[in-house]
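Commentary on secondary and tertiary structure
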Amino acid sequence: MTTPAVVCIGMAGSGKTTFMQRLNSHLHARDTPPYILNLDPAVLNVPFSANIDIRDSVNYKEVMKQYNLGPNGAIITSLNLFATKIDQVLGIVEQRAKSVSHVLIDTPGQIECFVWSASGTILLDALASAIPTVIAYIVDTPRTTSPATFMSNMLYACSILYKTKLPLIIVFNKTDAADASFATEWMTDFESFQAALKDLDDDENNPEGGSGYMNSLMNSMSLVLEEFYRHLDVVSVSAYTGAGIDDFLEAVDRKVEEFNTDYKAEMERMIRERQKEKEAERQRSLNRLMKDMGLKDQAKPKTKNDQAQTISDAEEEDDEDEFADRFVNGEDAEGILDPDYEEGDDSDEAMS
Ligand SMILES: Nc1nc2c(ncn2[C@@H]2O[C@H](COP(=O)(O)OP(=O)(O)OP(=O)(O)O)[C@@H](O)[C@H]2O)c(=O)[nH]1
């Protein structure tokens with residue numbers, strides 16, 4: 001079977017890194033070691049050795065300093081810089097995927113920096129076009145026991161499914177601290193969730209109980225979620241004790257089959273569409289440029305607007321060229337991007 005990529009996504013503190021560590025040791029114990037990528041540029045310590053680590057090619061602190069960015073802006077910019085090297089990274093991953101059981105990917109806890117950024121889309125699209133890719137959405141079970149928090153978390157998972165369009169497994173983590181049976185019941189029995197919502201509403205002392213409008217909204221949204229749950233695989237695990245890890249790996253196998261039958265064709269179609277759009281945009285820019293050059297020989301642009309349009313377009317193109325020179329070609333990249341990073345680097349030594 002083709003080696004799958006498992007992308008771990010979850011809110012800060014949900015246990016992604018601990019879960020990755022558990023998966024890593026579990027797969028090593030089975031003599032089927034994984035290949036590991038760390039895409040969190042801001043993480044201080046990773047408790048496993050990552051084969052490819054974004055921190056080896058992008059200096060997060062330097063990005064903050066040089067671009068005067070806050071923590072989240074620097075994560076997005078670091079991911080953008082890393083995405084310029086996606087072809088090289090993918091070359092290595094594809095090669096290594098042939099000799100490992102799974103490719104595991106850790107992502108920043110600031111989910112939106114990854115899932116909603118252009119670079120996140122580029123990285124996921126590139127990965128999914130090379131190997132079957134599955135999302136593991138990690139949930140902090142003890143912090144999700146209230147119906148309102150639970151529903152917010154599930155809506156978040158639903159938006160990730162909608163944005164990535166990749167098969168999704170919900171992983172209820174930390175089940176050593178809180179049993180996840182309440183969650184599976186709410187996901188399979190609509191009435192029990194409605195009853196929990198009603199209890200919340202009736203409890204005057206509970207700050208999560210809402211107004212009439214909020215409750216009717218929650219009821220409607222829970223109907224949306226019912227449809228969402230139908231396409232999911234749900235597992236309960238403890239990254240601490242290792243309980244449920246085999247169930248998770250079985251769920252990954254099921255999702256890989258789903259990826260190959262349902263998602264792959266759609267994914268390829270989307271990538272082709274995007275390339276077509278890009279090509280059309282390039283053609284439009286070229287046509288504009290040709291037109292502008294033709295105008296240069298004549299006296300003056302017809303109107304002020306025409307002139308402004310021409311200048312700003314030229315500036316935009318200059319900016320793009322400058323960006324490409326600085327980051328793709330490695331110029332001016334000292335301290336931010338590792339200029340020695342080359343295709344074919346043995347990442348085990350060069351990048352870990
Ligand atoms: N009880 C229990 N605690 C856990 C489990 N998994 C993780 N934790 C704890 O949850 C906290 C967060 O775990 P991390 O693995 O750092 O979470 P993360 O999602 O990678 O966090 P960020 O990197 O900040 O996004 C740590 O204190 C872990 O020890 C588990 O299965 N059970």
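Scroll up a little and you will see the structure.
Residues numbered from 1 in each chain as written. Predicted model: local features only at pLDDT ≥ 70, side-chain atom pairs only at ≥ 80, totals over all residues. Heavy atoms only, no water.

1. As for empty space enclosed by the protein
Counted only if it meets this: Lining residues are those with an atom within 4 Å of a point, where the points come from a 1 Å grid over the protein atoms alone and group into cavities, where a 1.4 Å probe fits but cannot get out, or pockets, open sets with protein on both sides within 12 Å along at least five of seven lines. Grid points are joined across faces, edges and corners, and a volume is the space filled by probe spheres set on the points. Helix and strand definitions here come from DSSP, where helices need a minimum of 4 consecutive H or I residues and strands a minimum of 2 consecutive E residues; each element is numbered from the N-terminal end. The classification used treats Ala, Val, Leu, Ile, Met, Phe, Trp, Tyr, Cys and Pro as nonpolar, Asp, Glu, Lys and Arg as charged, and all other residues, Gly among them, as polar.
Summed over all chains, the structure comprises one cavity of 30 Å³ or more. Here the largest cavity is characterised by a volume of approximately 90 Å³. In this structure, the largest cavity is lined by V7, L37, L39, F82, I86, V89, L90, I105, F114, L123, L124 and L127. Of all elements in the fold, only α5 (86–97) and α7 (118–130) reach the threshold of two or more residues within the lining of the largest cavity. Its residues assigned to classes, the lining of the largest cavity comprises twelve nonpolar, no polar and no charged.

2. What about the pattern of salt bridges?
To be explicit about the condition: Throughout this description, the term salt bridge denotes a Lys or Arg side-chain nitrogen within 4 Å of a carboxyl oxygen of Asp or Glu. Exposure classes here rest on a 1.4 Å probe applied to the protein chains alone. A residue is buried below 20% of its type maximum, exposed above 50%, and partly exposed in between.
Tallied over the entire structure, the rule returns eleven salt bridges. Here K65 ties to E62 by a salt bridge, and the two come within 3.9 Å at their closest N and O atoms. Highlighted residues: K65 and E62, both in helix α3 (residues 60–67), separated by three residues, approximately one helical turn. Among the residues examined, K65 registers a relative accessible area of 62% and is labelled exposed.

3. Quick look at the site of the ligand
Note the following rule: Only a single heavy atom is needed: when it lies within 4 Å of a molecule or strand, its residue is near that molecule or strand. For every accessible area listed, the method is Shrake-Rupley and the probe measures 1.4 Å; residues are considered covered only by the protein chains on display.
The environment of the ligand is formed by 15 residues, the closest being K16, T17, T18, D176 and Y240. Calculation on the ligand without its partners gives an accessible area of 650 Å², and the protein chains cover 71% of this total. For the shell around the ligand, the element with the most residues is helix α1 (residues 16–29), which contributes three residues. The class makeup of the residues in the shell around the ligand is four nonpolar, eight polar and three charged.

4. Considering the pairing of strand β6 (residues 168–173)
Under the convention used in this document: Each pair of strands is called paired provided DSSP finds at least two bridges between the two strands.
For β6, the tally of buried residues reaches six of six residues, placing the bulk of the element in the interior. Residues L168, I170 and F172 of β6 are buried on one face, and the alternating residues I169, V171 and N173, pointing to the opposite face, are buried as well. In the sheet, strand β5 (residues 133–140) pairs with β6 via six bridges, with the strands oriented parallel. Bridge pairing in β6 places I138 opposite V171.

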